[in-house]
Amino acid sequence: MDKQILENHINGLKKARDACRSQLDTGAMKELEGAITTLEKLRDHPQGAVDAETHKLRVLQAIAAFVTIVTNIRDWL
């Protein structure tokens, strides 16, 4: 991933974390922090293609869990 794209994702996740901190339980907070940390590592130390894809998938899973918790989207489905 491009460093600027990673930086934008990191900043967006940090803003979402700060805005929704009171709605998140400890597990969700750790998951989100882990996603942010992973993206920061990828930004600072680019990985091989396979490792990067694995990290990106993990981050996307964390983001999906975060969105589900914050929006209660499952109640709408």
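Coordinates for the structure precede this section.
Residues numbered from 1 in each chain as written. Predicted model: local features only at pLDDT ≥ 70, side-chain atom pairs only at ≥ 80, totals over all residues. Heavy atoms only, no water.

Chemist: Explanation requested: the side chain of arginine 17 in the structure shown.
Modeler: Mapping arginine 17 onto the fold places it in helix H1 (residues 3-20). Within the local environment of arginine 17, its side chain forms a polar contact with the side chain of glutamate 33, the two groups lying 2.9 Å apart. (Helix = DSSP H or I, 4+ residues; strand = E, 2+ residues; numbered from the N terminus. Polar contact = N/O pair within 3.5 Å; in protein donor to acceptor, adjacent residues only side chain to side chain.)

Chemist: I'm lost on the environment of alanine 16 in this one. Help?
Modeler: Within the element layout of this structure, alanine 16 appears in helix H1. Each C-alpha atom, one on alanine 16 and one on phenylalanine 66, is 9.3 Å from the other, the two residues being 50 residues apart in sequence.

Chemist: Just checking my understanding: could you explain the pattern of salt bridges for this structure?
Modeler: Any two side chains of opposite charge can pair if their charged atoms end up close together. Under the defined criterion, the tally for this structure stands at six salt bridges. One salt bridge connects glutamate 7 with arginine 43, and the closest N-O pair in it is separated by 2.7 Å. Placement of glutamate 7 in helix H1 and of arginine 43 in helix H2 (residues 26-44) is noted, with a sequence separation of 36 residues between them. Looking at glutamate 7, the relative accessible area reads 25%, which means it is partly exposed. The exposure class assigned to arginine 43 is buried, which follows from its relative accessible area of 18%. Put simply, arginine 17 and glutamate 33 hold a salt bridge, and the shortest N to O gap is 2.9 Å. On the criterion of sequence distance, the pair formed by arginine 17 in helix H1 and glutamate 33 in helix H2 is long-range, its members being 16 residues apart. The exposure class assigned to arginine 17 is buried, which follows from its relative accessible area of 12%. Three or more residues joined by partner-sharing salt bridges are found here, namely Arg17, Asp18, Arg21 and Glu33. (Salt bridge = Lys/Arg side-chain N within 4 Å of Asp/Glu carboxyl O. Buried < 20%, exposed > 50% of the residue type's maximum accessible area, 1.4 Å probe, protein only.)

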